[in-house]
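Notes for the structure review
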Amino acid sequence: MKKKAVIISILVILVLCVGFIFSNSMKNGAESTSQSGAVKKIVDNALEFLNINVDISEQGIRTLGHVVEFFALSLVLTVAALILFPFNFENPFTKKLIIYFLPIIISTLIAFIDEFIQLFSPGRECDIMDVLVDFSGAALANLITMGIVFIICAVKHKKSKD
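**Details of the layout of surface pockets**
- One number sums up the size of the largest pocket: a volume of about 630 Å³.
- Residue lining of the largest pocket: 26 residues in total, with S32, S36, R62, G65 and H66 positioned closest to the centre.
- Mapped by element, the contributors of at least two residues to the lining of the largest pocket are helix 1 (2-25), helix 2 (29-49), helix 3 (58-84) and helix 4 (102-118).
- Of the residues forming the lining of the largest pocket, the biggest block, eight residues, is contributed by helix 3.
- Classifying every residue of the lining of the largest pocket by side-chain character gives seven nonpolar, twelve polar and seven charged.
- In this structure, the second largest pocket encloses a volume near 200 Å³.
- Taken together, 13 residues line the second largest pocket, and the ones lying closest to its centre are L77, A80, A81, L84 and F85.
- Secondary structure elements with two or more residues in the lining of the second largest pocket: helix 1, helix 3 and helix 4.

So, in structure tokens, the structure goes:
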């Protein structure tokens, strides 16, 4: 029962992540620019408060937004894969290993759909570079998560042998 509740929770989080990504794509150019400008002001204020003298462009904010959105999506997908198919340190290079790379593939497919949606949003365009940035965020989340899992499993494996 507990595993079922976790899976349902993950599905809800996934729907929210994808919904957030697609809702941003459906905004017209003016709304998107306004949202990026508002986020830029928040980031600028935070950097000023921290006494960090860095000027991040609006395009930089947009790129960072793509990375963060798809990092979060891939993180949730990777955790779901790990819950459904626990990592086996005794035999890590099984056929099941490909399952842990599915979150990157799924996230990239969602990135393509995301850019396709923008074709129908006034003042927006489809940009393959955005897909590459999205892929980078997804891959980063997946690699960090799997790296942590591998380290934890290696430590547990070593302790069990001692």
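Moving on from the model shown.
**Examining helix 5 (residues 128-161)**
- The terminal C-alpha atoms of helix 5, which comprises 34 residues, lie 49 Å apart, in line with the 50 Å expected from a rise of 1.5 Å per residue.
- Where helix 5 begins, the side chain of D127 points an oxygen toward the backbone nitrogen of M129, at a separation of 3.0 Å.

**Notes on the packing of helix 4 against helix 5**
- Relative to each other, helix 4 and helix 5 sit at 155 degrees, their axes nearing to 9 Å. When the interaxial angle is binned, helix 4 and helix 5 end up roughly antiparallel. Once helix 4 is placed against helix 5, the crossing between them reads as right-handed. Packed against helix 4, whose contacting residues are P103, I104, S107, T108, A111, F112, D114 and E115, the element helix 5 presents I128, D130, V131, D134, F135, A138, A139 and N142 at the interface.

**A short note on the side chain of D134**
- Along the polypeptide, D134 turns up in helix 5.
- No salt bridge forms around the buried D134; measuring N to O, its nearest opposite-charge neighbour R124 is 9.5 Å away.

**Details of the pattern of salt bridges**
- Evaluated as defined, the whole model comprises two salt bridges.
- A salt bridge links K40 to D44; its shortest N-O distance comes to 2.9 Å. Residue K40 and its partner D44 are both found in helix 2; the two are separated by four residues, about one turn of the helix.
- Accessibility expressed as a relative area gives 16% for K40, which makes it buried.
- The salt bridge partner of K40 is D55, with a shortest N-O separation of 3.4 Å.

**Focus: the nonpolar core**
- Formed by 14 residues in total, the largest nonpolar core has its most connected members in L14, F70 and L73.
- If we ignore the near neighbours within four places in the chain, the residues touching L73 are L14, C17, V18, I21, S107 and I110.
- Counting residues in each nonpolar core, the second largest holds eight residues, with L82, I99, Y100 and V149 among its members.

Cut-offs applied
Residues numbered from 1 in each chain as written. Predicted model: local features only at pLDDT ≥ 70, side-chain atom pairs only at ≥ 80, totals over all residues. Heavy atoms only, no water. 1 Å grid on protein atoms, 1.4 Å probe; cavity = no way out; pocket = protein on both sides within 12 Å on 5 of 7 lines; lining within 4 Å. Points joined across faces, edges and corners; volume = space filled by probe spheres on them. Helix = DSSP H or I, 4+ residues; strand = E, 2+ residues; numbered from the N terminus. Nonpolar A, V, L, I, M, F, W, Y, C, P; charged D, E, K, R; others polar. Expected span 1.5 Å × (residues − 1). Polar contact = N/O pair within 3.5 Å; in protein donor to acceptor, adjacent residues only side chain to side chain. Axes fitted to C-alpha atoms, helices over the stretch in contact; angles between N-to-C directions. Parallel < 35°, antiparallel > 145°, perpendicular 65-115°, else oblique. Left-handed = near helix turned anticlockwise from the far one by under 90°. Contact = heavy atoms within 4.5 Å. Buried < 20%, exposed > 50% of the residue type's maximum accessible area, 1.4 Å probe, protein only. Lys, Arg positive; Asp, Glu negative; His and termini not counted. Salt bridge = Lys/Arg side-chain N within 4 Å of Asp/Glu carboxyl O. Core = buried A, V, L, I, M, F, W, Y, C linked by side-chain atoms within 4.5 Å.

Any functional reading would require information that these geometric values do not contain.
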